[in-house]
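Below are the chains, spelled out letter by letter.
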Amino acid sequence: MAAESSISQKPFVWLVHPRRYRRWDTVHQYVELIAVITVAMFVIGRYFLYPNDLLQYINTLKIISILLESCLALPQIILNYQRRSTEGLSLVMVLGWIVGDVLKMVYFIMSSGVLFHGHGSGGVNKFVQQGNDRIVQEESSSSFSSDMSTFIVGCIFALIMDVIVGLQVCNYYPSRDMLNLMEKLKKLWRRFEIQVLQIDVASTSNVVVKNHRKSHGGSVGGVGSLENIHADSMTCL
């Protein structure tokens, strides 16, 4: 008998019989899972962990969300290591991760007032009441600075994860597309050296060969290997 598709299942039936109905092959099962986790976190946190402290409950949710968001790339890192490959992983996506996390960190640093010696938006806020009596109310920014510090730490950790993925893509487990791209970039750099920097690869190679002959007394084997390197470099051009 063919297995029943999760599309025709009743909502939340996988909670009652998880081994039988939990397949994760449709979007609505993931939506139901998110709904269950949201309700469970609200009930446990609001009525059991922090029944009389709403602000502490909100702060706990903030820390959990930052921790989860900063670890988004960790499953990809583990998968790349297990497969010893990054085939199918987009370099543009990884660059998007890095650029996004860098921009977020810059925003949080500037918002915290670190670059402005505490006089940014995280500094002391002054509210002036117009009239004969001028009332200035100063508000402490310790809570705001603490929030920004948490976000900054999360961004730093996320950047570390992104850099690890980038190293896997470019260095440790490069895909065929990545190898082809690196070869094209090498050729473009050689052309840039010749046409813009006016570096003569042939003369440079000849100087290296002559120096090697002087230092090794005209060793044939060593000179031959260097000449082969010179020939290979010229064919790449």
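Only a predicted model underlies this, so the values are computations on that prediction, with no experimental measurement involved.

Scoring rules and cut-offs
Residues numbered from 1 in each chain as written. Predicted model: local features only at pLDDT ≥ 70, side-chain atom pairs only at ≥ 80, totals over all residues. Heavy atoms only, no water. Core = buried A, V, L, I, M, F, W, Y, C linked by side-chain atoms within 4.5 Å. Buried < 20%, exposed > 50% of the residue type's maximum accessible area, 1.4 Å probe, protein only. Salt bridge = Lys/Arg side-chain N within 4 Å of Asp/Glu carboxyl O. Helix = DSSP H or I, 4+ residues; strand = E, 2+ residues; numbered from the N terminus. Phe/Tyr/Trp six-rings, centres within 6.5 Å; stacked < 30°, edge-to-face > 60°. Lys NZ or Arg CZ within 6 Å of the ring centre and 35° of its normal. Patch = residues over 30% accessible without salt bridge, like charges linked within 9 Å, V, L, I, M, F, W, Y side chains within 5 Å. Areas by Shrake-Rupley, 256 points an atom, 1.4 Å probe, with all protein chains shown as cover. Lys, Arg positive; Asp, Glu negative; His and termini not counted. Contact = heavy atoms within 4.5 Å. Axes fitted to C-alpha atoms, helices over the stretch in contact; angles between N-to-C directions. Parallel < 35°, antiparallel > 145°, perpendicular 65-115°, else oblique. Left-handed = near helix turned anticlockwise from the far one by under 90°. Nonpolar A, V, L, I, M, F, W, Y, C, P; charged D, E, K, R; others polar. Expected span 1.5 Å × (residues − 1). Polar contact = N/O pair within 3.5 Å; in protein donor to acceptor, adjacent residues only side chain to side chain.

Enquirer: I'd like a description of the nonpolar core, backed by residues and values.
Expert: The biggest cluster of nonpolar side chains holds eight residues, and these are Ala73, Ile77, Leu89, Val94, Met161, Val165, Val169 and Met178. With six residues, the next largest nonpolar core counts Met105, Phe108, Met148 and Leu159 among its residues.

Enquirer: Describe the pattern of salt bridges, listing the residues and the values that go with them.
Expert: Per the stated rule, a full pass over the model turns up three salt bridges. Lysine 104 serves as the salt-bridge partner of glutamate 69, at 2.8 Å between the closest nitrogen and oxygen. Here the residue glutamate 69 occupies a position in helix H3 (residues 54–70), and lysine 104 occupies one in helix H5 (residues 91–112), the gap between them amounting to 35 residues. Of the residues examined, lysine 104 reaches a relative accessible area of 29% and is grouped as partly exposed.

Enquirer: Let's hear about the packing of aromatic side chains: which residues, and what values?
Expert: By the definition in use, this model includes six aromatic pairs. With 6.3 Å between their ring centres and 75° between their planes, phenylalanine 42 and tyrosine 57 make a pair best called edge-to-face. Highlighted residues: phenylalanine 42 in helix H2 (residues 27–49) and tyrosine 57 in helix H3, separated in sequence by 15 residues. Taking the relative accessible area as the measure of exposure, tyrosine 57 reaches 8% and is therefore buried. Through pairs of rings, three or more aromatic residues link up here, namely Phe42, Tyr47 and Tyr57. One cation-aromatic arrangement involves arginine 84 over tyrosine 81; the distance from NZ or CZ to the ring centre is 4.1 Å.

Enquirer: Report on a nonpolar patch on the surface, specifying residues and quantitative values.
Expert: Residues Val39, Phe42, Val43, Ile44, Tyr47, Phe48 and Leu49 make up a contiguous nonpolar surface patch of about 740 Å² in total accessible area. In this structure, valine 43 sits in helix H2.

Enquirer: Now, about the side chain of glutamate 193: what can you tell me, with residues and values included?
Expert: Take glutamate 193: it is sitting in helix H7 (residues 176–195). One buried charged residue, glutamate 193, forms no salt bridge at all, with the nearest opposite charge on arginine 190 at 6.3 Å. Other than its neighbours up to four places away in sequence, glutamate 193 contacts Gln198 and Ile199.

Enquirer: Hey, could you go over the packing of H2 against H3 for me, with residue numbers and the actual values?
Expert: As a packed pair, H2 and H3 sit with axes 9 Å apart at the nearest point and diverge in direction by 140°. With respect to H3, the element H2 is oriented oblique. Crossing of H2 against H3: the hand is right-handed. Contacts between H2 and H3 involve Met41, Phe42, Gly45 and Arg46 from the former and Leu54, Tyr57, Leu61 and Ile64 from the latter. Looking at side-chain class alone, the contact of H2 with H3 contains six nonpolar, one polar and one charged residues.

Enquirer: Before we move on, can you summarise H3 with the specific residues and values?
Expert: Relative to the 24 Å expected for 17 residues at 1.5 Å per residue, H3 spans 25 Å between its end C-alpha atoms, a close match to the ideal helical length. Looking at H3, one finds that the buried residues are Tyr57, Thr60, Lys62, Ile66 and Ser70. With a side-chain oxygen lying 3.4 Å from the backbone nitrogen of leucine 55, the N-terminal cap of H3 falls on aspartate 53.

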